[in-house]
Amino acid sequence: MFQSGYHPASVRDICAAARAPQGSFTNHFRSKEAFAVEVLDQYFDYLKGLVGEALNDETLTPRQRLKRYLDVITSKLERDRWVLGCLIGDLSLQVTSHSKLLRKRLDSIFREWRKLFASCIAAAQSAGEIDSKFDATELAEFLLASWQGAILRMKVERSRAALERFKAIMFETVFQKPQASRAAEHKHGMVMRRPRKTRFRSHMVALVTACLLVLIGTVHADDSSTQQNSADGKVTRDGIDLFYKVVGPTSGDYVLVLSGGPGEDIDSMQGIANELGKKYRCIMWEQRGTGRSKLPRYDASTINLNAYTEDIEVLRKQLHAEKFIVVGNSWGMILGLAYAGTHPDAVRAVVTIGSGPITFEYLGVFSDNQIARLGACELEVRDFWKDPAREAADSDRAAFERSRAATIAYFYDRKKALQMASKLKSGDYNFRVPPAFLKAEGRYDFRPNLKTITAPVLLLQGRQDLAGEANICEAHSLIKNSTLAFIDKCGHMPWLEQAEQTWKIVDEFLAHLPK
C-alpha cells in the first residue's frame, strides 16, 4: 500500500507479498478497509516512536525539538530517494472520499498526532521561544497540514527543496522567536501566560486517577513564621476519622491545602499555610493514611481516588463552606484538580504549586528525570537500601532512606536540597499508601477529567521541576480557564526555592478571582 497506493494494492497482491493463501485474508479481516486500518495503526505506532525520540529529547529546547523531528523525517525521505512520502497523507488523499471507516480512523490519528506536537509547541511558547499569539493546538494543526503539503510537493520534484523551503519559512515566520519585550520578561526569571478563551465540547467522562509515587519525604518551613489562630477538627466517613487543622483568621474564604505523595504528611505544606494564612482560613487536611487519619487497612477499598475526593466533599459540608480555594503540590495538584472536576460547583479556584504527572506515561518521565539528576553518591545510597535483606528487616526504613537520598533531585539549588534532606523524619511519610493507590488505579490517564473543570486554575511550576514542561503544558491546554506560570532556577517546590516570585504570582492570581 505504501509503494503502490490503496487502490492498486489488491488483496491478491497483498497475500502474494505475505506468501499467504488468499483465504487466510478473509479469516482475519472483514474487508480491505479493515486491513488498511491495521496498516495505518502499525505505521502510526512507528511514527509516534520517531515523534517521541525527537520531542522528548531534553538536551534540546522545545523549539529545537520541533525542528529536530522535521530533520529526522527529511533524512528518512531522502533514503527513499524522495519517492515515498507519508502513508497517512497518502491514504488521506486516496480513500477519504469513499471510505467512512478509513476517514474516521485518519481523523483520529491526526487528532492524536496533533496533541503530541501541541504539547511541545506549548512548552516552546512558555519558554519564550515561540510567540503565544496563537493557540498551541491550532499551530500544531497548521504544522501537520503544511508539512504534508510540502511532502506531496517533494514527491513531484523528487528533491528536498520543498521540505527545506517549508522549514525555513515556518521557523522564520510562524515559529519565529518573540520580540524583545518577551525576552526582557525572561530576564526577570518569570514567564506568565494568561487564560485561553477556548471552547470545549461538553461530555460526561469517567473519573480516572493520577498518582505520584515519588516518596519525597517532608520539607518543613522555618519555625520563625508568623503566629496564627489554630483550631483542630475531625470528620468521620465510613467509620474512618479524618483530621484537620484550620489556621489563619476566624472568618473569610477557606483554602484547602493538599500535600503530596499520596502519603505525605501535611506538615510539608506548613510554609504555604504560613503565607496564605495571613488572609485566608487554611485547612491543613490530613488525607486518609497520613498524620492522625489512620486506616484499618491499606488496599483498594480504602485507598482510591474516589475516596479521597469524597472525603473532601464531606469536609466542605461539615464546615458549611460554599466553595473551597484548593492549593496543592505534586500529588496534591492531582487531587485538587480531581476534586475540582468532580465537584465543580464546590471550588472557587485551584492553585497548583509544583506538578504531579497527569498520566502514567508522564509519571515515567518524572521517574526518569529523578534518576538522571542523582549523582553517584545518591545512587549508591539508593542501591544500598534496595538490598532485599535490608528491605525485609525494615521496609519503612529502607523506603525512607531511598527517599532521603533522592531529595537532591527535587531542587535546583543543591545546598537547599541538602539542608532539607537533613530535616526529614521517617514518620513524615506513610509508605503503605502509594503502592495501595497504584494497585487500585493502575495505568491512569487523568486528562479527560481536566476538561470538566470550570473554576479558574493557576498552574505554577519551577522551570526545573522533575515533572517536565510537557506535562503542565498539556494540563494547561485541557483546562479551559487556566493560567500557566513558570519560575526560573526552581525545582519541584517553588515556595521553598523562590518564595518571593511564588507568592507574587499566587497573590496576583487570587486577587483577581471573580467574586
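Heads up: the structure comes first, above all this text.
Scope of this entry: the structure provided in the associated data block. Position labels on residues start from 1 in each chain and follow its written sequence. Thresholds applied to this predicted model are a pLDDT of at least 70 for local features of residues and 80 or more for the giving and counting of side-chain atom pairs; totals over whole chains, interfaces and linings are not thresholded and use all residues. For the side-chain quantities, the full set of heavy atoms in the structure was used; hydrogens and water were omitted.

A few words now on the environment of Asp253. Its place among the elements puts Asp253 in the loop between strand E3 (240-247) and strand E4 (254-258). A C-alpha to C-alpha distance of 7.5 Å links Asp253 and Ile325, two positions 72 residues apart in sequence. Beyond its immediate sequence surroundings of up to four residues, Asp253 is in contact with Tyr280, Arg281, Ile325 and Arg348. Separated by 2.5 Å, the side chains of Asp253 and Arg348 make a polar contact. Numbering of helices and strands runs from the N terminus; a helix is a DSSP stretch of H or I covering at least four residues, while a strand is a stretch of E covering at least two. Throughout, a contact is declared for two residues whenever any of their heavy atoms are within 4.5 Å. Nitrogen and oxygen atoms within 3.5 Å of one another constitute a polar contact, given that in protein one can donate a hydrogen and the other can accept it, and given that sequence-neighbouring residues count only through two side-chain atoms.

To obtain an axis, a line is fitted to C-alpha atoms, over the contacting stretch when the element is a helix, and the angle between two such axes runs from 0 to 180 degrees between their N-to-C directions. Contact geometry for helix H3 (residues 32-55) and helix H4 (residues 62-79): axes closest at 8 Å, N-to-C directions at 135°. With respect to each other, H3 and H4 are oriented oblique. By crossing handedness, the relation of H3 to H4 is classed as right-handed. Residue-level contacts link Tyr46, Leu47, Leu50, Val51, Ala54 and Leu55 of H3 to Arg65, Leu66, Arg68, Tyr69, Ile73 and Lys76 of H4. Basically, the charged four are Asp, Glu, Lys and Arg, the nonpolar ten are Ala, Val, Leu, Ile, Met, Phe, Trp, Tyr, Cys and Pro, and anything else, Gly included, counts as polar. Looking at the contact of H3 with H4, its residues break down into nine nonpolar, no polar and three charged. For classification purposes, an angle smaller than 35 degrees is called roughly parallel, one larger than 145 roughly antiparallel, one from 65 to 115 roughly perpendicular, and anything else oblique. Working rule for handedness: look at the near helix, and if it is turned counterclockwise from the far one by less than a right angle, call the crossing left-handed; if clockwise, right-handed.

Our focus in this paragraph is helix H11 (residues 305-318). By this rule, a helix spans an expected 1.5 Å times one less than how many residues it contains. In this model, H11 (14 residues) spans 20 Å end to end at C-alpha, consistent with the 20 Å of a helix rising 1.5 Å per residue. Relative accessibility decides the category of a residue: with a 1.4 Å probe and only protein chains considered, values under 20% of the type maximum give buried, values over 50% give exposed, and everything between is partly exposed. Among the 14 residues of H11, 10 are classified as buried, and the element is accordingly described as predominantly covered. Put simply, Asn304 is the residue that caps the front of H11, since its side-chain oxygen is 3.3 Å from the backbone nitrogen of Asn306. Looking one or two places after H11, you find His320, whose phi comes out positive at around 55°.

Tracing the backbone through its elements, the reader meets Tyr6 in the segment before helix H1 (11-18). Sequence-wise, Tyr6 and Thr359 are 353 residues apart; in three dimensions their C-alpha atoms are separated by 36 Å. In contact with Tyr6, other than residues within four places in its own chain, are Met1, Lys32, Glu33, Ala36, Leu91, Gln94, Val95, His98 and Leu102.

If you look at the biggest cluster of nonpolar residues, it comprises 105 residues, and the most contacted ones within it are Tyr69, Ile88, Trp113, Phe117 and Phe324. Here this core takes 12 residues from helix H6 (residues 100-126), the largest share from any one element. Not counting chain neighbours up to four residues away, the residues in contact with Tyr69 comprise Leu47, Leu50, Val51, Ala54, Leu55, Trp113 and Phe117. Listed in part, the 40 residues of the second largest apolar core include Ala273, Phe411, Leu460 and Trp503. We call a set of buried Ala, Val, Leu, Ile, Met, Phe, Trp, Tyr and Cys residues a nonpolar core when their side-chain atoms join them within 4.5 Å.

Note that every value here comes from positions in space, so none of it alone points to a role or purpose.
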